[in-house]
Amino acid sequence: METHGNERTRRKRARTSETFSYHHRNKSLGLEHADADTIFALLLAAIFNSHRPDSLSLIEKCLINLTPSFLSQNPNSILSLLPFILTSKRAEIASRGAEIVGAASLFSLEMNEQIALDGEIVKGLVAALGSSTRNVLMAACNAVLDMSTTSVARQRLLELSALESLMFGFLQVPKFSGMPVSICSVDDGSVACCKIRIGEDEFPVLLLTASIILINSCSIEQLEMIPRSLSETFLAFLKKLWAEVHNEMLLANTMKSSQEANIYISDIRINILAESIFRLSISSSQVTPTLPFEVVKRSIFGLRKSSFEDFMLTHWEVSPFLIQRLSRALNEGDDIFSSFVQSLHLTKTVPSFLSSILQNLVSCFPIASDELDILSFLKEVGNKLGCPIIYEQDIRVLRTERQLKREVHFFKESLDSCYKKGSHIFNIDEVKKCEEAYKEGYTVAVRGMEFRFESIAAIANGLASLFGQPSVGVNMYLTPPNSQGLARHFDDHCVFVCQLFGTKQWTLFPQPNVQLPRLYDPLDSLYVAEAEVSVAECRKILLKEGDILYVPRGCPHEACTDNGGSNGSAGCSLHLTFGIEVEPPFE
């Protein structure tokens, strides 16, 4: 996480105030009338004679009475003593040393860098992070936060294992889970930039904040160096915290006041928490494996080797192709969609799974298929990471009026908001209204399924490998009986339509252009004018559960459901589309 200058200024004011306050509270120790040079001379003498019984008390008194002005005017003098001070067995001395590190880190960028490049000081600070004394650990944690206002210091802390100490220290705090969580809006008004309020105790929140800052400063290699058990335990806590934060976002329970009693406002923003979960998941053992492309090929095209070869020679980017479930003669273990279908608990009634799925989703931002550096993508997404689903980008709720042959959106205001403001974030009321929309004949279309379900991600990755393309995008379409979702159109990518539940009638039209559409062509060009087409020129295909339909790019198509009942079907339809983005050859 790159901390901006205003955050550095805020911490500087706060920490300087704490230093002066601490100094004035301890004037009774007898050195309040001594000048700074005298106090420093006494400090040197006491450290030189630290083996004497009374020396530790004198060191403590001297450190308490050293003013911030002395620290700023004589930085090198005091910095040279910090390795000894930070590793003192006396808690008061070690904690005061950590406070000096924090204060000095905020005096200037140059001093911050000087401290960061002094390995002995940073090692001493990391040692203080391992203290069992709360005051020492809290002071050391504050010092880490003060140092972390520069990227140089963050990298130095990572090199010397400060992150592992912070994560371990946080996990040792008892009874942190279950503390009240809320969110507080900030000036820019972005939901994902809201700060998180956690409990009433500042101590564990400081440890959590410092840990997250360093996690978000890690390279992939540094993330992989965190001990696996520590990383996964910490990740499990972050996911629990995320569930509470996400629920508050969805309910729009955003507090405006920063004066709420007994609630500590952390410096953790929602997008920063989301990024830390993302980063730790990269190195987690829970990363979704890719299905071998041979498994995907067998599940879609059947057991015969010639089936896939015939498809590539005859139909790929040429003509539609129906692959019926019965013709594939699948064994139970070859059905790659079964785990996803079972997780939905589908019935013939109105799908109750809809709200529960949508409530748990976050927005998935478009990523270029040739993006090689996932961490740079995180920086590009920035303040939007972790927000609830966004209309048009993540979800559409629409139907086609058959007489007028045009699409109508259930959430018309949401669509208008997208055009005016650039995005409209769904709240809990709109999520619940999706079932109402379904009952009124609207199709619910969810994009980015490959980012939302592990089983779908594995299939998408395997399919991309099978066709030698960098990525495969997956959408889900839930259509009620006797309805049509999208109007007639063609795509700029090849599509495999996988019918998971119910039936759907597809109509495929002659391709209007000889030249195939290219990726990212203007959207307006993908909708087909309603020209008169004879029945003989159209091809109608009824997709049943388990069937797969290949539609090449550039082929106009539309699909609708029937009333059900007469043919024993449920009337409604659930299918996935796997979009294979055919990239142009390298030039």
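That block above? That's the structure.
Throughout this document, residue positions are counted from 1 along each chain, in the order its sequence is written. For a predicted model such as this one, the threshold for reporting local features is a pLDDT of at least 70, and the threshold for listing and counting side-chain atom pairs is 80 or more; totals across whole chains, interfaces and linings nevertheless cover every residue. Heavy atoms from the whole structure form the basis of all side-chain values; hydrogens and water molecules are not counted.

Visitor: Outline the pattern of salt bridges, supporting the account with residue identities and numerical values.
Guide: Put simply, a salt bridge is a Lys or Arg side-chain nitrogen that is within 4 Å of an Asp or Glu carboxyl oxygen. According to the stated counting rule, one finds 14 salt bridges in the structure shown. Here Arg156 makes a salt bridge to Glu159, at a shortest N to O gap of 3.3 Å. Here Arg156 and its partner Glu159 are both found in helix H11 (residues 151-159), 3 residues apart, which amounts to about one turn of the helix. Overlapping salt bridges bring together Glu60, Arg90 and Glu92 as one network. Per the convention used, a helix needs a DSSP run of H or I reaching at least four residues, while a strand needs a run of E reaching at least two, with both numbered from the N terminus.

Visitor: Describe the sheet that holds strand E5 (residues 321-323), with residues and values.
Guide: Read from one edge of the open sheet, 8 strands run E5-E13-E10-E15-E9-E8-E6-E7, paired in antiparallel fashion. Sheet topology places E5 and strand E7 (406-409) at the edges, where each strand pairs with a single neighbour. Taking the axes of each pair of neighbouring strands and ignoring which way they run, one obtains an average angle of 25 degrees across the sheet. Note: E5 against strand E13 (residues 548-551), 3 bridges, orientation antiparallel. Bridge assignment links Phe321 to a residue of E13, and that residue is Tyr550. Whether two residues touch is decided by their heavy atoms; if any such pair falls within 4.5 Å, the residues are in contact. Interaxial angles span 0 to 180 degrees and are taken between N-to-C directions of axes, which are lines fitted to C-alpha atoms, for helices over the stretch in contact. Against the sheet, helix H24 (residues 428-439) touches strand E6 (395-401), strand E8 (443-446) and strand E9 (472-479), its axis set at about 15 degrees to E6. In this scheme, strands are said to pair when DSSP sees at least two bridges between them.

Visitor: Talk me through the pairing of E7; I want residue IDs and the actual numbers.
Guide: When E6 meets E7, the two strands line up antiparallel, connected through 4 bridges. Looking at the pairing, Arg399 lines up with Val408 of E7.

Visitor: Give me the lowdown on the sheet that holds strand E14 (residues 557-560), citing residues and values where you can.
Guide: Pairing is antiparallel across the open sheet formed by 3 strands, whose spatial order is E12-E11-E14. Bordering the open sheet on either side are strand E12 (539-543) and E14, each of which pairs with just one other strand. The average undirected angle you get between the axes of adjacent strands in this sheet is 20 degrees. In this structure, strand E11 (residues 504-508) lies alongside E14, joined through 4 bridges in antiparallel fashion. By the bridge assignment for E14, Thr507 is matched with Glu558.

Visitor: Can you explain the packing of aromatic side chains? Please cite residues and give values.
Guide: Each aromatic ring pair is characterised by the separation of its centres together with the angle its planes make. Aromatic rings from Phe, Tyr and Trp, taking only the six-membered ring of Trp, are treated as a pair when their centres fall within 6.5 Å; an angle between ring planes under 30 degrees marks them as stacked, one over 60 as edge-to-face, and anything in between as tilted. Evaluation of the coordinates by the stated rule reveals 22 aromatic pairs. A centroid spacing of 5.8 Å and a plane angle of 45 degrees characterise the contact between Phe311 and Phe496, whose relative ring orientation is tilted. Pair noted here: Phe311 is in helix H18 (residues 305-314) and Phe496 is in strand E10 (residues 494-502), with a separation of 185 residues, a long-range link. Ring centres 4.9 Å apart and planes at 85 degrees place the aromatic pair Phe311 and Tyr550 in the edge-to-face group. In this pair, Phe311 sits in helix H18 while Tyr550 sits in strand E13, placing the two residues 239 residues apart along the sequence. With respect to class, Phe311 is no different from Tyr550; both count as buried. The structure contains a cluster of three or more aromatic residues connected by ring pairs, namely Phe301, Phe308, Phe311, Trp316, Phe321, Phe467, Phe496 and Tyr550. The rule is short: NZ of Lys or CZ of Arg within 6 Å of the ring centre and within 35 degrees of the ring normal puts a charge over the ring. Here the basic side chain of Arg488 rests over the ring of Phe509, its NZ or CZ set 3.7 Å away from the ring centre. Any residue under 20% of the maximum accessible area for its type is buried, any over 50% is exposed, and the rest in between are partly exposed; the area is computed with a 1.4 Å probe on protein chains only.

Visitor: Explain the packing of helix H15 (residues 228-250) against helix H16 (residues 270-282) to me, and be specific about the residues and the numbers.
Guide: Relative to each other, H15 and H16 sit at 145 degrees, their axes nearing to 10 Å. The interaxial crossing formed by H15 with H16 has left-handed handedness. Within the contact between the two elements, H15 uses Ser231, Phe234, Leu235, Leu238, Lys239, Leu241, Trp242, Val245 and Met249 and H16 uses Ile270, Leu273, Ala274, Ser276, Ile277, Leu280 and Ser281. Gly counts as polar in this scheme, as do all residues outside two lists: the nonpolar Ala, Val, Leu, Ile, Met, Phe, Trp, Tyr, Cys and Pro, and the charged Asp, Glu, Lys and Arg. Here the residues of the contact of H15 with H16 are counted per class, giving 12 nonpolar, 3 polar and 1 charged. By the definition used in this description, the sense in which the near helix is turned from the far one sets the handedness, with an anticlockwise turn below a right angle giving left-handed and a clockwise turn giving right-handed.

Visitor: Go over helix H7 (residues 91-105) with me, naming the residues and quoting the values.
Guide: To estimate the expected span of a helix, subtract one from its residue number and multiply by 1.5 Å. Across its 15 residues, H7 extends 21 Å between first and last C-alpha, which sits within 8% of the 21 Å expected from 1.5 Å per residue. Along H7, the residues classified as buried are Ile93, Ala94, Ser95, Arg96, Gly97, Ala98, Ile100, Val101, Gly102, Ala103, Ala104 and Ser105.

Visitor: An account of the pairing of E11 is needed here, citing residue identities and associated values.
Guide: A large share of E11 lies buried, amounting to 4 of its 5 residues. Sheet topology note: the E11/E12 ladder contains 5 bridges and is antiparallel. Across the sheet, residue Thr507 finds its bridge partner in E12, namely Lys540.

Visitor: Please set out the packing of helix H12 (residues 162-171) against helix H13 (residues 202-215) residue by residue, giving values where relevant.
Guide: Axis separation between H12 and H13 bottoms out at 9 Å; the angle between their running directions is 145 degrees. For the pair H12 and H13, the sense of crossing is left-handed. Contacts from Ala162, Leu163, Leu166, Met167, Gly169 and Phe170 of H12 reach H13 at Pro204, Leu207, Leu208, Ala210, Ser211, Leu214 and Ile215. In terms of residue class, the contact of H12 with H13 is made up of 11 nonpolar, 2 polar and no charged.

Visitor: I'd love a proper account of unusual backbone geometry, names of residues and values included.
Guide: Unusually for a residue other than glycine, Glu317 sits at a positive phi of about 60 degrees. For Glu317, the location among the structural elements is in the loop between H18 and E5. Despite not being glycine, Asn482 has its phi angle at roughly 50 degrees, a positive value. Take Asn482: it is sitting in the loop between E9 and E10.

Visitor: Pulling in residues and values, what's your account of the nonpolar core?
Guide: Buried Ala, Val, Leu, Ile, Met, Phe, Trp, Tyr and Cys residues that are joined via side-chain atoms within 4.5 Å together make up what is termed a nonpolar core. With 93 residues, the main nonpolar core has Leu43, Leu125, Leu208 and Leu273 as its most contacted residues. Leave out the neighbours within four places in its chain, and Leu43 touches Ile59, Cys62, Leu63, Leu66, Ile78 and Leu81. Listed in part, the 59 residues of the second largest apolar core include Phe337, Phe453, Ile456 and Tyr550.

Visitor: Outline the environment of Ser356, listing residues and values.
Guide: Inspection of the secondary structure puts Ser356 in helix H21 (residues 353-359). Owing to a relative accessible area of 39%, Ser356 belongs among the partly exposed residues under this scheme. Counting along the chain gives 76 residues from Ser356 to Lys432, while the straight-line C-alpha distance between them is 9.2 Å.

Visitor: Before we move on, can you summarise the environment of Ser423 with the specific residues and values?
Guide: With respect to the helices and strands, Ser423 occurs in the loop between helix H23 (412-421) and H24. Residues Ser423 and Ile390, 33 residues apart in the sequence, show an inter-C-alpha distance of 6.4 Å.

Visitor: Got a sec to walk through H12? Specific residues and values, please.
Guide: With respect to burial, H12 is a largely interior element, 7 of its 10 residues being buried. For H12, the set of buried residues is Ala162, Leu163, Ser165, Leu166, Met167, Gly169 and Phe170.

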